[in-house]
Amino acid sequence: MERYGNCSEEIGMKGDRDIEIISETSPNMCGGTDAYRDKKAPKTIESDEIVLFDVTCSFSMLALPENVEGEIIRYISAYAAPSKKGSFVVLETRKDNWSPNERSWALLEKDIFPDLVELVKECDLCRNNGVHSTTHGLPENFGGNALIKYASGETISFSNNQFPIIAFDAGQKIAKLFREAMQGKRVALPDVSELKEIVFYEDRKDKGFTEARLSFNPDGTGTNRKRSKYENTGIFESEKPIDADTMAVIRRKIESCGILAWEGLPVHEYPWVEDARMTFVLENGESVTVEKSTEVPSSISGAFFNIELEMTTKH
């Protein structure tokens, strides 16, 4: 909500006394700009322990400086958070306005966060803290958003969809730090071939629940067993096969989005209404449990939903 909600929603949540309206238009008026400043947002951070780093910025409309040194970046999205076993990092970049984004992730043994603390200071990312601006009707996000959380509860949060939110050289420094860190030693993760079962469980406020168990069969197919209950109903049970092609897609989604490294990552401040989680059970009996409200980049967050969809709706 801090990055994507509209101005009126934010005011309602935080209270008028903490918000300074910079500009306001009719709801979602094309071309209109809603902008506000959170007056309580700190301009100096005392903490030296980052628990979430999530910065995205487009430079697609920026005239690049002459004689650029280092990597040319037209888009960057960098995420880092401590997980149960190490530092989980995701980097997505684009070198020009025509190529597809290049994305990579890693679970690192190295503690990357002291370096990020210094980078935030060096790039003065706290300068625009609390300032959010949304111009309606733009064909794409020409700017970006930043959300950096500290162990102390201090937060850096700012956004603008009209122009870059950070300097071009700051984007280069962030990319360099992430690329160098990803060259380091990685935490070993289970291979998807070792998966025995995925268990999805959702506890709903209407006193109902959904439980689905997807077994990995030796021939590459799957068997999905589901139990569900809704308000004022009994328990419904079903068992359906899942073809090998669909199971292969599920395995690729788990692998490409690093979902087996999500355990212990931060969860959203405003989580899903339902309490849902997914447990990946391995052949050796070990397991990895991931919450639905895990705060990961949008480029990989769909992995949870896609697997949930196969287990609770399609099958």
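This text goes with the structure placed above it.
Along its length, the protein chain carries five helices and 15 strands. Taken over the C-alpha trace, the protein chain has a radius of gyration of 22 Å; the compact-globule value for 315 residues is 20 Å, and the two agree within 12%. Overall, the C-alpha framework of the protein chain stretches about 60 × 50 × 40 Å when taken along its three principal axes. Looking at the protein chain as a whole, 48% of its 315 residues are labelled buried. Pairs at least 24 residues apart make up 61% of the contacts formed inside the protein chain by residues separated by at least 6 positions. Counting only carbon and sulfur atoms, one obtains 49% of the accessible surface of the protein chain, whose full area is about 16200 Å².

Glancing now at the sheet that holds strand S14 (residues 275–282). In space, the six strands of this open sheet follow the order S13-S12-S11-S10-S14-S15, with antiparallel pairing throughout. Unpaired on one side and paired on the other, strand S13 (235–242) and strand S15 (287–291) mark the two borders of the sheet. Across the sheet, the mean angle separating the axes of adjacent strands is 15° when strand polarity is ignored. With five bridges connecting them, S14 and S15 associate as antiparallel partners. For Met 278, the partnering residue across the bridge sits in S15 and is Val 290.

In this model, Asp 124 sits at a positive phi of 50°, which is unusual for a non-glycine residue. Look at Asp 124 and you get partly exposed, because its relative accessible area is 39%. The phi torsion at Asn 232 lies on the positive side, around 60°, for a residue other than glycine. Structurally, Asn 232 is set in the loop between strand S12 (222–229) and S13.

Once that is clear, we can look at the nonpolar core. As a rule of thumb, soluble globular proteins bury nonpolar side chains together. Among the nonpolar cores identified, the biggest contains 38 residues, and Ile 50, Phe 53, Leu 116, Ile 148, Ile 166, Ile 174 and Phe 178 are the most heavily contacted of them. Going through the elements one at a time, strand S3 (50–58), strand S4 (75–82), strand S5 (87–94), strand S6 (102–108), helix H2 (113–122), strand S8 (144–150), strand S9 (155–160) and helix H3 (168–181) are the ones with two or more residues in this core. Per-element tally for this core: the top contributor is H3, with seven residues. Beyond its immediate stretch of four places on either side in the chain, Phe 53 contacts Ala 78, Tyr 79, Ala 80, Leu 116, Val 120, Leu 125, Leu 147, Ile 148, Ile 174 and Phe 178. Formed by 37 residues, the second largest nonpolar core is a distinct cluster that contains Val 90, Phe 216, Met 247 and Ile 259.

This part takes up the sheet that holds S4. Think of a sheet as strands paired side by side through backbone hydrogen bonds, with each pair either parallel or antiparallel. Taken together, nine strands build an open sheet; the order of strands is S1-S2-S7-S9-S8-S3-S4-S5-S6 and the sheet is mixed. Single-partner strands in this sheet number two, and they are strand S1 (19–23) and S6. Recorded for the sheet is a direction-independent mean angle of 10° between the axes of neighbouring strands. In this sheet, S8 lies alongside S3 in antiparallel orientation, the contact comprising seven bridges. Residue Ile 50 lies in a different strand from S8, and its bridge partner there is Tyr 150. Relative to S3, H2 is tilted by about 55°, and along the sheet it contacts S3, S4, S5, S8 and S9.

Moving on to the packing of helix H4 (residues 244–256) against helix H5 (residues 298–314). Remark: H4 packs on H5, axes separated minimally by 10 Å, with the N-to-C direction vectors making an angle of 160°. Put simply, H4 runs roughly antiparallel to H5. For the pair H4 and H5, the sense of crossing is left-handed. Across the interface between the two elements, Thr 246, Ile 250, Lys 253 and Ile 254 from H4 touch Ala 303, Asn 306, Ile 307 and Glu 310 from H5. For the contact of H4 with H5, the per-class residue count stands at four nonpolar, two polar and two charged.

Right, let's get into the state of the cysteines. Inspection of the entire model under this criterion finds zero disulfides. No disulfide involves Cys 57; its sulfur sits 12 Å from that of Cys 123, the nearest cysteine. With relative accessibility at 15%, the residue Cys 123 sits in the buried group.

Each value, and the rule that gives it
- Residues numbered from 1 in each chain as written.
- Predicted model: local features only at pLDDT ≥ 70, side-chain atom pairs only at ≥ 80, totals over all residues.
- Heavy atoms only, no water.
- Helix = DSSP H or I, 4+ residues; strand = E, 2+ residues; numbered from the N terminus.
- Rg over C-alpha atoms; globule rule 2.2 N^0.38 Å.
- Buried < 20%, exposed > 50% of the residue type's maximum accessible area, 1.4 Å probe, protein only.
- Contact = heavy atoms within 4.5 Å.
- Areas by Shrake-Rupley, 256 points an atom, 1.4 Å probe, with all protein chains shown as cover.
- Pairing = 2+ DSSP bridges.
- Axes fitted to C-alpha atoms, helices over the stretch in contact; angles between N-to-C directions.
- Core = buried A, V, L, I, M, F, W, Y, C linked by side-chain atoms within 4.5 Å.
- Parallel < 35°, antiparallel > 145°, perpendicular 65-115°, else oblique.
- Left-handed = near helix turned anticlockwise from the far one by under 90°.
- Nonpolar A, V, L, I, M, F, W, Y, C, P; charged D, E, K, R; others polar.
- Disulfide = S-S within 2.5 Å.

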